[in-house]
Amino acid sequence: MKTKEEKTEEKKFCTDSGIEIKRIYFSSPIPRISGSPVQQEAEKGGKGEEETDAGRFPFTRGVQSDMYRGKLWTMRQYAGFSTAEESNKRYKYLLANGTTGLSVAFDLPTQIGYDSDHALAEGEVGKSGVAIDSLRDMEILFDGIKLEDITTSMTINSTAAILLSMYITLAKKQGADIKKISGTIQNDLLKEYAARGTYIYPPKASMRIITDIFEYCAKEVPKWNTISVSGYHIREAGSTAVQELAFTLANGKAYLKAALERKLDINVFAKRISFFFNAHNNLFEEVAKFRAARRMWAKITKELGATDERAMMLRFHTQTGGSTLTAQQPQNNIVRVTVQALSAVLGGTQSLHTNGFDEALSLPTEEAARIALRTQQIIGYESGVTDTVDPLGGSYFVEALTDEVEEKAWEYIRRIDAMGGSVAAIEQGFMQNEIARSSYEYQDNIEKGKKIIVGVNKFTVEEKPQGDLFSIDDSIRSLQVEKIKSLKAKRDNSKVTAALDKLEKAAKGNTNLMPSILESVESYATLGEIADVMRKVFGEYK
């Protein structure tokens, strides 16, 4: 029986002029930075052509030997707003237009463990994503969508265990084999403390919940990516590309060590770790960042004991840069998103979300979401950049830049290691201060005209107010509050109380929390009720 790679090779890839394109191209040895870890490794053992192939350690050129010749990246569109009913309509629209995976955005109360009827939820329900208060909302969100047939990414952190439990429970109710369902939860709390702020519990408790998820999913949901270590929000907070890379991998290293302390097998759990990177406008630096990331992660996992090459692979999702979008001349954002998406593809992403051009002004309209998806499809099916593996590999500029980005990122990681790792570096404010400094310098350069932003500080025009913006009405909260009242009136409240009591006992002890969270979800306890039990035991991070 032929392998996927052999079947792919039977298909000929050619330019429009009929010139055949090889799977991958090699060139003569490329000068590398003297003294860098990569150069030192090369000097020890030599670096032949075979070792630089895609799909092989250290994966600089890609994690699959045939990359997009075999299958294009997963085209996801980050979506979620208002109620579960409204978001369900958008998901069906995106799937009908060629999206190959869903990416769920949750509103702020859901992210920080408050039900829609909580006083602190006022003014935020359904605004930055969909409001999910209970399993009932999750059932509506995916109504008519078979979870076994899609992959779903959920951008959720502090309440990741609860939302994942809702997803697993729904999959069971649909009759799916949970050992076959696949997707990703972000579940990355370290970057929340450093850059984003949607944390609930103190770091120690958060790390416990994260490793509980690792342990549970390794046995029960083996195809699920249990964490997406996120550089995206670090970059959105103002970091440079190098800082994004360094801080993300340092956080990833901390998660590896936490799992190893729980005696988990790195060759098992590391295969379910994925990454989430940002793509900004400097095309070549972004490509270099993605290539360097794979090489660095391969080395980090190997040094921590991984022997299975699949456990050393850095697989990542990319989203184009939200902070690069401008409210001025918003159509210019279509070009920015195209350049950013191209950098992700040339850098070898496994999954990609492209922002809508109007997102600096509002949630994306259907038209903007469609254009964003079509951007990916044009790159994938028309541009030709997918016909060969690592098309920029061998470029003197890209290879040298990959090495330089890598070395500068190692410098940061060495400083973080000297502090005691990511948790200590965050507690000391190191990452936060570095991000703040870079953010200030970037904005200062824009203000002084040293950094050109087209349509903002140069090439400006008189503009009329934008019409047809997509906004969420505050009445959404009333709808969600009524749903919660109805749910609490109909459910078996004695069953809910028993499940929550069991969760409290588990939280006070040292058993895995996931079975108790699942039981609470199945009883139709609300997200806020479950989060509050853990707040009571673990406290809140201040």
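The structure under discussion appears in the preceding block.
Read on for a plain summary of the structure. Residue numbering note: each chain is counted from 1, following its sequence as written. Where totals are concerned, whole chains, interfaces and linings use all residues; where local detail is concerned, this predicted model gives features only for residues with pLDDT of at least 70, and gives and counts side-chain atom pairs only at 80 or more. The side-chain numbers reported here are obtained from all heavy atoms of the structure, hydrogens and water having been left aside.

Moving on: the packing of aromatic side chains. The criterion for an aromatic pair is that two Phe, Tyr or Trp rings (for Trp, the six-membered ring) have centres within 6.5 Å, with stacked assigned to planes under 30 degrees apart, edge-to-face to planes over 60 apart and tilted to the rest. The full count for this structure, using the stated rule, is 20 aromatic pairs. Note on Phe247 and Phe430: the rings are 6.3 Å apart at their centroids and 70 degrees apart in plane angle, and the pair reads as edge-to-face. One end of the pair, Phe247, is in helix α10 (residues 241-261); the other, Phe430, is in helix α17 (residues 430-447), with 183 residues separating them in the sequence. Judged by its relative accessible area of 0%, Phe247 is buried. On the numbers, 4.7 Å between centres and 75 degrees between planes, the contact of Phe275 with Trp297 is edge-to-face. Of this pair, Phe275 sits in strand β7 (residues 273-279) while Trp297 sits in helix α12 (residues 283-303), and the two are 22 residues apart along the sequence. Neither residue differs from the other here; Phe275 and Trp297 are each classed as buried. Taken together, the ring pairs in this structure connect Phe275, Phe277, Phe290, Trp297 and Phe316 into an aromatic cluster. To sit over a ring, a charge needs its Lys NZ or Arg CZ within 6 Å of the ring centre and within 35 degrees of the ring normal. When the ring centre of Phe26 is taken as reference, the NZ or CZ atom of Arg61 above it lies at 5.5 Å. Taking NZ or CZ as reference, Lys299 lies 5.4 Å from the ring centre of Trp410, over its face. The numbering of helices and of strands both runs from the N terminus, where a helix is a DSSP run of H or I of at least 4 residues and a strand a run of E of at least 2. Residue burial is assigned from relative accessible area. The probe radius is 1.4 Å, only protein chains are included, and a residue is buried under 20% of its type maximum, exposed over 50%, and partly exposed in between.

If a probe the size of a water molecule is rolled over the atoms, the empty space left behind becomes visible. Of the voids in this model, the second largest pocket is the one considered here, and its volume is about 800 Å³. Elements supplying a minimum of two residues to the lining of the second largest pocket: α9 (232-236), α10, α12 and α17. Among the elements that line the lining of the second largest pocket, the one with the most residues is α17, at seven residues. Using only the protein atoms, space was sampled on a 1 Å grid; points where a 1.4 Å probe fits but cannot get out form cavities, open sets with protein on both sides within 12 Å along at least five of seven lines form pockets, and lining residues are those with an atom within 4 Å of a point. Grid points are joined across faces, edges and corners, and a volume is the space filled by probe spheres set on the points.

To continue, consider the packing of helix α6 (residues 160-173) against helix α8 (residues 203-220). Where α6 meets α8, the closest approach of the two axes is 11 Å, and the angle between their N-to-C directions is 25 degrees. The orientation of α6 with respect to α8, classified from their angle, is roughly parallel. Packed against α6, whose contacting residues are Ala161, Leu164 and Ile168, the element α8 presents Ile209, Ile213, Tyr216 and Cys217 at the interface. In the contact of α6 with α8, the residues fall into seven nonpolar, no polar and no charged. Only the stretch in contact is used when a helix axis is fitted, and all axes are lines through C-alpha atoms; the angle between N-to-C directions ranges over 0 to 180 degrees. In this scheme, roughly parallel covers angles under 35 degrees and roughly antiparallel covers those over 145, while 65 to 115 is roughly perpendicular and the rest are oblique. In what follows, residue pairs with any heavy atoms lying within 4.5 Å of each other are defined as contacts. Classes in brief: Ala, Val, Leu, Ile, Met, Phe, Trp, Tyr, Cys and Pro nonpolar; Asp, Glu, Lys and Arg charged; the others, Gly included, polar.

Looking now at the pairing of β7. Burial analysis of β7 places seven of its seven residues in the buried class, the great majority of the element. On β7, burial covers both faces: Ile273, Phe275, Phe277 and Ala279 on one face and Ser274, Phe276 and Asn278 on the other are all buried. Pairing between strands is defined by DSSP: at least two bridges between them are needed. Pairing analysis gives four bridges linking strand β6 (residues 227-230) to β7, with the strands arranged parallel. Residue pairing across strands places Ser228 opposite Ser274, the latter belonging to β7. Pairing geometry for β7 and strand β8 (residues 316-320), over five bridges, is parallel. For Ala279, the partnering residue across the bridge sits in β8 and is Thr320. With strands facing away from the observer, any crossover in which the path from the first strand over the helix to the second runs clockwise is taken as right-handed. With α12 bridging β7 and the parallel β8, this β-α-β connection has right-handed handedness.

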